[in-house]
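Report on the structure
The chain contents come next:
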Amino acid sequence: MLTAVWAAVVAAAAAFVVGIGVAVYVMLKAARLMSETSAAVAGLRERGDLLIERANAAIDQAGEQIARTETVTASMEGVTAAMTQMSGHLTATAPALPAPGEGTSGALTWAAALVYGVRWALGARRPGRDAPWPARQGQAGPQGRWPGRADRPRGRSGQPGRQAGQPGRQAGRQAAALASRRAATLASRSNGTPR
């Protein structure tokens, strides 16, 4: 019977040793799993802290941008108010716009000024007028000009005086008026209407 008892004891001891070995193996695996898990959690925590720091930096930068935007908005409101005030001052000081019927007088004035300027420009380029005034008169001044404006001879209309041999504008106008009167008189006599 001792042999059966010894066999039972040996079987129980072997079972115990196998159980302890399995338990140790499971504990080692669990320890390795726990260490890997704690390392992963530590890495996630570090990444989360870094992400939180970046988010805080972005939030701070957004706050600064919002503050700048508010400053610009306040400045624009001030500029808008100043522009409105200046517009009111300009409206108050500006002359009134012409009435719809008066708009044509401005165009006519412009056209008359344009015609006058073209006639003056064409008249200034007539032959014999390109030379400076003193050279035409036979007088010498500094660089072909009169020494002083007060010394310069003037005609009736403020233009330089003409030489004695040249007819003036007034004489030309009188001759043209006399010729047109004669032509009108001749035309009325040929029609038979008394004048």
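This structure is a prediction, so every number in the text was calculated from the model and none was measured.

So, how was this worked out
Residues numbered from 1 in each chain as written. Predicted model: local features only at pLDDT ≥ 70, side-chain atom pairs only at ≥ 80, totals over all residues. Heavy atoms only, no water. Helix = DSSP H or I, 4+ residues; strand = E, 2+ residues; numbered from the N terminus. Contact = heavy atoms within 4.5 Å. Patch = residues over 30% accessible without salt bridge, like charges linked within 9 Å, V, L, I, M, F, W, Y side chains within 5 Å. Areas by Shrake-Rupley, 256 points an atom, 1.4 Å probe, with all protein chains shown as cover. Salt bridge = Lys/Arg side-chain N within 4 Å of Asp/Glu carboxyl O. pLDDT = per-residue confidence, 0-100.

Considering the overall build of the protein chain
What the protein chain contains, in helices and strands, is four helices and zero strands. Listed by position from the N terminus, the elements making up the protein chain come as α-α-α-α. Counted over contacts in the protein chain with a minimum sequence separation of 6, partners at least 24 positions apart contribute 25%.

Notes on a nonpolar patch on the surface
Residues Val 72, Met 76, Val 79, Met 83, Met 86 and Leu 90 make up a contiguous nonpolar surface patch of about 570 Å² in total accessible area. Considering the arrangement of structural elements, one finds Met 76 in helix H1 (residues 2-93).

Some thoughts on the confidence of the model for the protein chain
Predicted confidence across the protein chain gives a mean pLDDT of 76, with 66% of residues reaching 70 or more. By mean pLDDT, helix H3 (residues 133-137) is the weakest element of the protein chain at 49, and H1 is the strongest at 91. Contacts of residues 139-146 to residues separated by more than four positions or lying in other chains number twelve contacts, the stretch itself having pLDDT below 50.

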